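# Examining the three-dimensional arrangement
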Amino acid sequence: MQRFLLLMFLFLSAHLSLAQHPGLISGNILDEKQKALENASVRLVRMDDSLQVTGMVTDKNGFFSFSNIAFGYYRLRVSHTGMQQVSIDSIHFRADRYDFNMNDIVLHPASAGMAEVIIYAEKPLIQSRDGNITFNAGESALAAGSNASELLTNVPLVTKDPDGKVLVRGKEPKILIDDKPVELNQQQLQDFLESMPGSSIEKIEVMTNPPPQYANEQGGVINIVTKKGTVGMNGRVSVYAGTRGDAGINGSFSYRKQGFSVAVNAGAGYNDFQGNGYSVRQNIYDDSTSYFNTTNQHHNQNLRPNFRANVNYDISKLHALNFTAHLNANQFDNANNIENRNINRFDELYRLRDRQISSDGNSRNMNLNFSYTMKTKRAGETLRAITAWNRSRSSNTRDFFEQFLNPDLTPSGNDSTQQQINRNHTDGYSVRVNYDRPMLNNKTVVSAGTFYNHSRSDIAANAYYQQKLDGKWTVLEPLTNDFLFYQDVFNVRASVKQVLSEKFSVTAGASAEHTLFEFDLTRSPDTSNRYWSLLPFATLNKSWEDKLNLTFSY
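For the structure given in this document, a descriptive report is provided here.

## Structural notes on the packing of aromatic side chains
Throughout the structure, instances matching the rule amount to seven aromatic pairs. Here Tyr 74 and Phe 93 contribute two aromatic rings whose centre-to-centre distance is 5.4 Å and whose plane-to-plane angle is 90 degrees, an arrangement assigned as edge-to-face. A residue pair is termed long-range when its members are at least 10 positions apart, and Tyr 74 in strand S5 (residues 72–79) and Phe 93 in strand S6 (residues 86–93) qualify at 19 residues. As far as the burial class goes, Tyr 74 and Phe 93 line up, both buried. Each residue in the set Phe 483, Phe 485, Phe 517 and Phe 519 is aromatic and connected to the rest through ring pairs, giving one cluster. The positively charged end of Arg 432 is found above the aromatic ring belonging to Phe 451, 4.8 Å away from the centroid.

As structure tokens, this is what we get:
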């Protein structure tokens, strides 16, 4: 008993000691050219006791890190030979915020002037501005041990339906990664978000009042902004498993040096779901009562690998290039069995039907994205061009078998066997250009842009049924078709945002969109159509102290 009490005392002492000193702060020291500064001196000084000083020098990547920091206010001092000293004051370690990532701290040459003193402005976890909500994931201690999918559940207005689809105020939003559209279906997006580590995310913006280029998105926009990453090489591997038969593995790797950075995320998800169910329905008539009983079993298997590589290169402070490659696949095998029983008022079985449905197939998707961003010396003036190419291949084979049995469970001779084979090959590319320019003391912002999107789909749907006499498969004409589908969409837009007063603005604009589509059918006349659409939009927004927001949008 004494040994047990001693062990408990030591455990509680260690736990309390750790709880009193949980603070952590890290960052990178760079020069003006984004080059890591090795052997920079970094000191952490407690502001109410200048004798409590902890110091270290940065490694070859300019990285520093302090841990086991007691709660309180601190000053961070950074110096390097030939560089101005930088002091960052009022860093507050406390129970609800003990993890600080200072990201990049840039030192300027000593000839540029006197030492720099910065009062640290801590960002709130949730910010509301102009009708949009920003979740500063980089400020959250939860980010390091989670993924993007989990972080989204912490963002106001964002929910998920039972199938895992991301919704904003009950509608499906447009998803952007670093301001670039992500063209993925629901399952692909879910796999991608689960493979993206939360530590790589700077912030998540929920735009219920989106920018002009997405003004007509009814579900709004979610923009996931990633971090530049620490200088040097970093990696992370995570494994997860669930009680329902789902499991997965994800890994991430990043490298950064000066204006060049690479981030790679890869992983695979697997599930093996099994289940069964039943229903009992009672039919009451004037002279009798009958029952319709149903039982079902299902077995679903999926294997979903995914890969994403993101490369950034800052040519200069005003010019930047980005390349992104995304690949994912899905291999599935599903089986369902349904049995229907009709029972009369005497509790006798008089009709029995058994239906078996199985499907197996696969899909493969590739997306390449290249963008160029140009800024000018005028603050806020930006020109961005985004090009994208995508290819998807999918196939699906479904087998249907249905038979009617006699009450003694012997075959009645009435049965049906069918097979459907679907194939879809889709290729497309798009070009998008956006330009924004502030004017009149930044109270007026002019925005203009255009995009062109082309897609081509080759779709084949073949259906067969099995003849009972000779067992041969025969084409089921009404359900068989093979066709090509082409679509071209061209859009131009322009808008103006006017700031009427502090936290009060109005935006108005319009976009004109031309659509051309064509069906090339094999067994019926081809059809095509083209038309123009005028899509005006306007938004009036008023905020009060970032707590209350009123938005009217059309």
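Still more ground to cover, so stick around.
## Quick notes on unusual backbone geometry
With a phi angle near 65 degrees, Asn 39 is a residue other than glycine that sits in the positive phi range. For Asn 39, the position within the fold is in the loop between strand S1 (23–30) and strand S2 (41–46). Residue classification places Asn 39 among the exposed positions, given a relative accessible area of 52%. Phi is positive for Asp 178, which is not a glycine, with a value near 55 degrees. Locating Asp 178 in the fold gives a position in the loop between strand S13 (174–177) and strand S14 (180–181).

## Some remarks on the pairing of strand S25 (residues 444–466)
Relative to S25, strand S24 (residues 411–439) runs antiparallel, the two sharing 22 bridges. By the bridge assignment for S25, Asn 422 is matched with Ala 461. Alignment of S25 against strand S27 (residues 481–501), held across 18 bridges, turns out to be antiparallel. Residue Ser 457 lies in a different strand from S27, and its bridge partner there is Phe 485. Pairing of S25 with strand S26 (residues 473–475), which is carried by three bridges, proceeds in the antiparallel orientation.

Parameters and conventions
Residues numbered from 1 in each chain as written. Predicted model: local features only at pLDDT ≥ 70, side-chain atom pairs only at ≥ 80, totals over all residues. Heavy atoms only, no water. Phe/Tyr/Trp six-rings, centres within 6.5 Å; stacked < 30°, edge-to-face > 60°. Helix = DSSP H or I, 4+ residues; strand = E, 2+ residues; numbered from the N terminus. Buried < 20%, exposed > 50% of the residue type's maximum accessible area, 1.4 Å probe, protein only. Lys NZ or Arg CZ within 6 Å of the ring centre and 35° of its normal. Pairing = 2+ DSSP bridges.

Geometric values such as these leave the question of function open.
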